[in-house]
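Breakdown of the fold
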Amino acid sequence: MRPWWLAIALTCCCLLPVGACVETASLGPYTRWFNQQMNGRATAAGLVGQPEAKVEVVLGRASNDYTYPASYILNADGGRSPVGAAVHTFDYYPYPLLSFSKFQVHCHDGVVTSLEMFDD
């Protein structure tokens, strides 16, 4: 391999990930397009109010999905009372492995309750 090809290859391998990070963090054109596209698809399908099983049918496989427990408040006697139900969230990343400025779908009790663009 010629030395100038190696220099170009190394430059691209180093600069492309940095460029993707900057583009995502600054809500560049691709990140805005990606989030608006996902939001448009979810809205057109009437996803809010539907069973959470429809999320990946409509939007495709999520980049990440997880469940976190319900919030709690402290009672006057020192006990805890749950506020709401556990939340299941589906994350869609604009770029693989860059988990910021993402589109999210939130579900409570197995039902889609909200859509969120540009979450960090």
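Since the structure is predicted, the reported quantities are computational estimates derived from the model, not experimental observations.

For the rest of this paragraph, the subject is helix 2 (residues 29–44). Count 3.6 residues to each turn of an α-helix, and residues three or four apart come out pointing the same way. In this model helix 2 runs 22 Å from its N-terminal to its C-terminal C-alpha over 16 residues, within 8% of the 22 Å that 1.5 Å per residue would give. When helix 2 is considered as a whole, its buried residues turn out to be T31, F34, N35, M38 and A42. Buried residues in helix 2, looked at end-on, bunch into an arc of 90 degrees, giving them a common side. In helix 2, the exposed residues that point more than 90 degrees away from the buried face are P29, T43 and A44. G46 sits one or two residues past helix 2 and shows a positive phi near 65 degrees.

Strand order in this open sheet of four strands is 1-4-5-6, and the pairing throughout is antiparallel. Either end of the sheet is taken by a strand with one partner, and the two such strands are strand 1 (64–68) and strand 6 (111–119). Averaged over neighbouring strand pairs, the angle between their axes works out to 20 degrees when direction is ignored. Judged from the six bridges that link them, strand 4 (residues 87–92) and strand 5 (residues 102–108) form a sheet pairing that is antiparallel. The partner of V87 across the bridge, within strand 5, is H108. Contacts between helix 2 and the sheet are confined to strand 4, strand 5 and strand 6, with strand 6 contributing the most and set at about 165 degrees to the helix.

Side chains that differ in charge, positive against negative, can pair when their charged atoms come close. Applying the stated criterion across every chain, the model contains one salt bridge. In this structure, the salt-bridge partner of K102 is D119, at a minimum N-O distance of 3.7 Å. Taken as a pair, K102 in strand 5 and D119 in strand 6 lie far apart in primary sequence, 17 residues in all. For the pair formed by K102 and D119, the shared burial category is buried.

This part is about the side chain of N35. Along the chain, the position of N35 falls in helix 2. For N35, a relative accessible area of 0% corresponds to the buried category. Polar contacts involving the side chain of N35 include one to the main-chain amide nitrogen of F103, which spans 3.4 Å. Apart from residues lying up to four places away in sequence, N35 is in contact with P94, S101, K102, F103, M117 and F118.

A few words on unusual backbone geometry. In this structure, S101 is a non-glycine residue whose phi angle is positive, near 55 degrees. When you line up the elements, S101 lands in the loop between strand 4 and strand 5.

Procedures and definitions
- Residues numbered from 1 in each chain as written.
- Predicted model: local features only at pLDDT ≥ 70, side-chain atom pairs only at ≥ 80, totals over all residues.
- Heavy atoms only, no water.
- Helix = DSSP H or I, 4+ residues; strand = E, 2+ residues; numbered from the N terminus.
- Expected span 1.5 Å × (residues − 1).
- Buried < 20%, exposed > 50% of the residue type's maximum accessible area, 1.4 Å probe, protein only.
- Arc of directions from axis to C-beta.
- Pairing = 2+ DSSP bridges.
- Axes fitted to C-alpha atoms, helices over the stretch in contact; angles between N-to-C directions.
- Contact = heavy atoms within 4.5 Å.
- Salt bridge = Lys/Arg side-chain N within 4 Å of Asp/Glu carboxyl O.
- Polar contact = N/O pair within 3.5 Å; in protein donor to acceptor, adjacent residues only side chain to side chain.

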